[in-house]
Amino acid sequence: MIQTYQYRNLTEQEKSGLLQRPASDTGAALEAVRPIIEAVQIDGDQAVQSYTRQFDGVTADPYWITPDLIQVELPDVERQALDRAIHNVELFHTHQRRGKLQVETSPGVLCMRESRPIESVGLYIPGGSAPLPSTAIMLGVPARVAGCRTLVMATPPDRTGRVPSSILYVAKQIGVTGLLVAGGAQAIAAMGWGTKTVPKVDKIFGPGNPYVTAAKLSLQTSSARITIDMPAGPSEVLVIADKAADPEFVAVDLLSQAEHGPDSQVVLLTLPGVDTERIQQELDHQLAELPRAKIARKALESSYLLECESMEQALEFSNAYAPEHLILNIEDAERWTDSIEHAGSVFLGPWTPESLGDYASGTNHTLPTYGYARMMGGVSLESFQKQVTFQRATPDGLRDLGPTVETLAGMEGLDAHRLAVTRRLNRLASTTTKKSSTPT
């Protein structure tokens, strides 16, 4: 049974406790991956393959797959589902393209901004207990739309040392530069440092276990000179349900998150009139039918139900929690969108399960967890781009703005900065004097 609380009875200390995620031992994970990262930096492909044999118990065959080597046969229903998901994600991310920004900030001074793709990106696709072609889509499609030149995908081998056909299919459709058949910290290190086989990348994307996250964080602060998409923690969902919500739907939405892993975070906020006993009964009934029931049940043990007195109260808690996924299983859900301040992705109404966004609606499912939705959004087209600014001043523009810059540079004691303007202003003044003294 999910632990139940009443919002009105919570002390500030208890409320703060409910907002906390389980503590993670980042320091231990960083220590564990350090020798792996160093070994890959020194020994490259040999170290990656050695760690794959050690951790996965197989030899990857092949170790590096280029698109011309991919021959995949899938049942039509699976291929069509993947194609439709690719289409929807591509459509949504294509519409995120922005035009050139141009602003005349002062007379004769034009400031501009344009987007440029990150040249080389690494896309990490976790393996674990099941292949995740959806993550390959969510990372590979926007990378292609952005125009990244080098797309390195990495995923652990299965028990036979190969890559699942569904991931191979997505890699082929996206047009990856190559697919590294390796997982864990060794795969992250290979993309971060580059090896004889694996191109070095500039930014690494993708979720993973604590060691994958630690490897990403470690490389970001190393001489490898890479950046990452975001820190990744256990997946999480917060559901707000009112009296009109179907208990069957509420329960299955909670379980769809709980089955991710035993450390998944599942929170249910109910409004007055909700039959919480029916929801508990549905959870028990549906759990009995799930193949991953043991995993889901473990996640539910650390989950909770919070009874709220109003939607305003529920949203106050939700915004403080900043969930990765927020489901509003309430009437007139759209009415409350302006009140949502912190959430990775929001699902509105009874007919919008989180599964739609996880797979095929078009939005990206690579989202901030662990409360990071307070300060960052999920992966988008802009995640695969950088912004370059330009400016151009006319002579009149420099005459107008130059004295301001001279003053500011003088305040900071940076004489060369001041003189870069002063010398030009002097040249303009001299040229103007000469022209005015020339007989007509």
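Bear in mind that the values here come from a model prediction, so they are computed numbers and not experimental data. (Residues numbered from 1 in each chain as written. Predicted model: local features only at pLDDT ≥ 70, side-chain atom pairs only at ≥ 80, totals over all residues. Heavy atoms only, no water.)

Engineer: Could you give an account of the side chain of Glu282, naming the residues involved and the relevant values?
Structural biologist: Mapped onto the fold, Glu282 is located in helix 10 (residues 276-287). Discounting chain neighbours no more than four positions away, the residues touching Glu282 are Pro247, Glu248 and Ala251. (Helix = DSSP H or I, 4+ residues; strand = E, 2+ residues; numbered from the N terminus. Contact = heavy atoms within 4.5 Å.)

Engineer: For the sheet that holds strand 13 (residues 325-329), give the residues involved together with the corresponding values.
Structural biologist: Taken in spatial order, the 6 strands line up as 1-12-11-10-13-14 in an open sheet, and their pairing is parallel. Strand pairing shows two members of the sheet lacking a second neighbour, strand 1 (3-6) and strand 14 (345-348), which therefore form its edges. Each strand axis lies, on average, 15° off the axis of its neighbour in the sheet, ignoring direction. Both strand 10 (residues 236-241) and strand 11 (residues 265-270) contribute to a ladder of 6 bridges, which runs parallel. The residue of strand 11 that forms the bridge with Val239 is Leu268. The strands that helix 9 (residues 247-258) touches are strand 10, strand 11 and strand 13; relative to strand 11, the one it contacts most, it runs at about 160°. (Pairing = 2+ DSSP bridges. Axes fitted to C-alpha atoms, helices over the stretch in contact; angles between N-to-C directions.)

Engineer: I'd love a proper account of the pattern of salt bridges, names of residues and values included.
Structural biologist: One pass over the full model with this rule turns up 16 salt bridges. The partner of Arg144 in a salt bridge is Glu90, with the nearest N and O atoms 3.1 Å apart. Note that Arg144 is positioned in helix 5 (residues 133-146) and Glu90 in helix 4 (residues 76-94), a separation of 54 residues in sequence. A network of salt bridges, in which partner residues are shared, links Asp76, Arg79 and Asp83. (Salt bridge = Lys/Arg side-chain N within 4 Å of Asp/Glu carboxyl O.)

Engineer: So what's going on with the packing of helix 2 (residues 26-43) against helix 3 (residues 45-56)? Which residues, and what values?
Structural biologist: Between helix 2 and helix 3, whose axes approach to 6 Å, the crossing angle comes to 140°. It follows from the interaxial angle that helix 2 and helix 3 lie oblique. Note on element contacts: helix 3 touches helix 2 through Asp45, Gln46, Ala47, Val48, Tyr51 and Phe55, opposite Pro35, Ile36, Ala39, Val40 and Asp43. Broken down by class, the residue content of the contact of helix 2 with helix 3 amounts to 8 nonpolar, 1 polar and 2 charged. (Parallel < 35°, antiparallel > 145°, perpendicular 65-115°, else oblique. Nonpolar A, V, L, I, M, F, W, Y, C, P; charged D, E, K, R; others polar.)

Read these as spatial facts, not as claims about activity.
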